[in-house]
Amino acid sequence: MKKHQTVSNPDLTVGKKNKQRWNQANHRRHGFHNAYRLFRRALMVRSRNVLVLASEPNISIQNHPKLKKLIHSPAFSAVCIVRDDKVLMEAAADDFSTSQPHSIQSISKLHIHLIIGQLVSQGVLSLDAKVRDYLPDIGSGYAEAPLQALLDMTVKNNFSEDYSDPHSDCYTEEIALGWRLPSNNMVKESTLVDFTNSITGCCDQENVNVVQYKSANTDVLTRILAKYSPKSLAEHIEEIADAIGYEGAFHISLSPDGYPAFSGGGCLSVRDLARFGLMFAREGLDIHGAKFANSVFMSKSLSRDAPSLPQPKEWLRYSNHLMTDGRFVGHAGYGGQFLLVDTITKTSCSFLSVLENEDGYDNEYMGEVAATLRDICMH
């Protein structure tokens, strides 16, 4: 039998700086604009009904000087600002559109907030319980940590999420998220179970005042939800999509063992990301006005004490897997993504961009994005 020539998948193969091609600096823009079809494997969901949005341009928002500066940045992909069912402002870069899926990275973590809120209301989970109570096989990095510590990003262990370090654990995590292949393509891909069980070094979780950001926290919570929820995670994703009313599709990468990558694998258009934010503006109601999310859990998440983010986003706290200052709620995403919702004016602001520096991250830039969206809502 003829032996055919093969090559390791070029998009998923690890290259320079220990990054797969689609996340390397000179390929990242293409990668984030096409992540939904570059992942190793993914789940795609459409909504049963679509929330119709009407155009109602707001000149003051369109002329906002800080927003105009961001739009003219080479990193810019798209922005959409929605209140109720009205699009106040939207724009896209010349190489993108407001309807094209884009990697939203860690904004995907908001799914954990919605699902855990439901399970807490049903008495399925206790946030005071320790991870080992739900996952007896978990490694020492999480065994003694209470679920609340994972939700608030106050866990201290040996997992590192330093985007400037090409050998940080968050890049190894990407194998288990379905984003890349092992550096040795002959080695089996690590599962999400194997990866989270391998994390060691859990320390005292008390008196943590500044967020210890670890996407592995989300991976561990994902395993707990999958094991104890009466519904599959795929069913949860479908129900969330139906409650939001996406116009396009929601895509999320899958681990080798089939877990959705809630830690950062979601892809949405900028319009649908704004629709996602409206769920929080409606205090958990779905597009038909029916109760969907745990509104009590959501409300307490905004008002309770929680660790603050580092500067320049220190005005935000990390509470139950969302970012908030008590009025605004949302989440940031690696590479230049931000969703911010004003619970007073019921305005949802989604912003997508692609930082093409080596690290794929710029803390000052992300602080500028968050502050600009906040300023737009307040004025």
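The sections below set out a description of the structure shown in this document.

Read across the sheet, four strands follow the order 1-6-7-5 without closing on themselves; strand pairing throughout is antiparallel. The open sheet has two free edges, formed respectively by strand 1 (42-46) and strand 5 (102-105), since each of these has just one partner strand. Looking at each pair of strands side by side, their axes are set apart by 30° on average, direction ignored. When strand 6 (residues 249-253) meets strand 7 (residues 266-268), the two strands line up antiparallel, connected through two bridges. Across the sheet, residue Ile252 finds its bridge partner in strand 7, namely Gly266.

With that settled, the discussion passes to the packing of aromatic side chains. Using the criterion set out here, one finds 13 aromatic pairs in the structure. The ring of Trp315 carries the charged tip of Arg374 above its face, separated from the ring centre by 4.0 Å.

Right, let's talk about the pattern of salt bridges for a bit. Within this structure, the stated rule accounts for 18 salt bridges. Between Glu90 and Arg271 there is a salt bridge, and its shortest N-O distance comes to 2.8 Å. Taken together, the residues span a long stretch of sequence, with Glu90 in strand 4 (residues 86-92) and Arg271 in helix 11 (residues 270-281) at a distance of 181 residues. Residue classification places Arg271 among the buried residues on the basis of a relative accessible area of 16%. Taking the shortest distance from any N to any O, the salt bridge between Glu239 and Lys231 comes out at 2.9 Å.

The next subject is the sheet that holds strand 2 (residues 54-55). Pairing is mixed across the open sheet formed by eight strands, whose spatial order is 2-4-3-12-11-10-9-8. The sheet is open, and its two borders are formed by strand 2 and strand 8 (317-319), each paired with just one other strand. Summarising the sheet, strand 10 (residues 328-333) and strand 11 (residues 337-342) pair through six bridges and their orientation is antiparallel. Among the inter-strand pairings, Gly333 is bridged to a residue of strand 11, identified as Gln337.

The next subject is the side chain of Gln337. Positionally, Gln337 belongs in strand 11. Relative accessible area serves as the criterion here: at 0%, Gln337 is assigned to the buried category. Within the structure, Gln337 has its side chain in polar contact with the backbone oxygen of Ser353 (distance 2.7 Å). Excluding its chain neighbours within four sequence positions, the residues that come into contact with Gln337 are Phe32, His102, Ser103, Ile104, Gln105, Ile107, His331, Ala332, Phe351, Leu352, Ser353 and Met366.

Moving on, we get to the state of the cysteines. For the structure shown, the criterion picks out zero disulfides. Here Cys80 stays unpaired: no disulfide links it, and the sulfur of Cys349, its closest cysteine neighbor, is 9.0 Å away. On the accessibility criterion, Cys80 (0% relative accessible area) is buried. As a non-bridged cysteine, Cys349 has Cys377 as the owner of its nearest cysteine sulfur, 3.5 Å distant.

So, how was this worked out
- By convention here, each chain's residues receive numbers from 1 onward along its written sequence.
- With the structure being a predicted model, the display of local features is reserved for residues of pLDDT at least 70 and the display and counting of side-chain atom pairs for 80 or more, all residues being used for whole-chain, interface and lining totals.
- Only hydrogens and water are set aside; all other atoms, that is, all heavy atoms of the structure, feed into the side-chain values.
- Here, a strand pair is defined by DSSP locating no fewer than two bridges between the strands.
- Numbering of helices and strands runs from the N terminus; a helix is a DSSP stretch of H or I covering at least four residues, while a strand is a stretch of E covering at least two.
- Angles here are taken between N-to-C directions and fall from 0 to 180 degrees, while the axes themselves are lines fitted to C-alpha atoms, restricted in helices to the stretch in contact.
- Note on aromatic pairs: the rings of Phe, Tyr and Trp (six-membered ring only in Trp) are paired at centre separations within 6.5 Å, and the planes decide the class, stacked below 30 degrees, edge-to-face beyond 60, tilted for the rest.
- Either the NZ atom of lysine or the CZ atom of arginine qualifies as a charge over a ring when it sits within 6 Å of the ring centre and within 35 degrees of the ring normal.
- For salt bridges, the criterion is a side-chain nitrogen of Lys or Arg within 4 Å of an Asp or Glu carboxyl oxygen.
- Three exposure classes are used, based on accessible area relative to the maximum for each residue type with a 1.4 Å probe and protein chains only: buried under 20%, partly exposed in between, and exposed over 50%.
- Polar contacts here mean pairs of N or O atoms no more than 3.5 Å apart (in protein, one a potential hydrogen donor and the other a potential acceptor; neighbouring residues in sequence count only if both atoms are side-chain atoms).
- For this analysis, residues touch if any pair of their heavy atoms sits within 4.5 Å.
- Only a pair of cysteine sulfur atoms within 2.5 Å qualifies as a disulfide here.

Without other data, these values stay purely geometric and don't point to any function.
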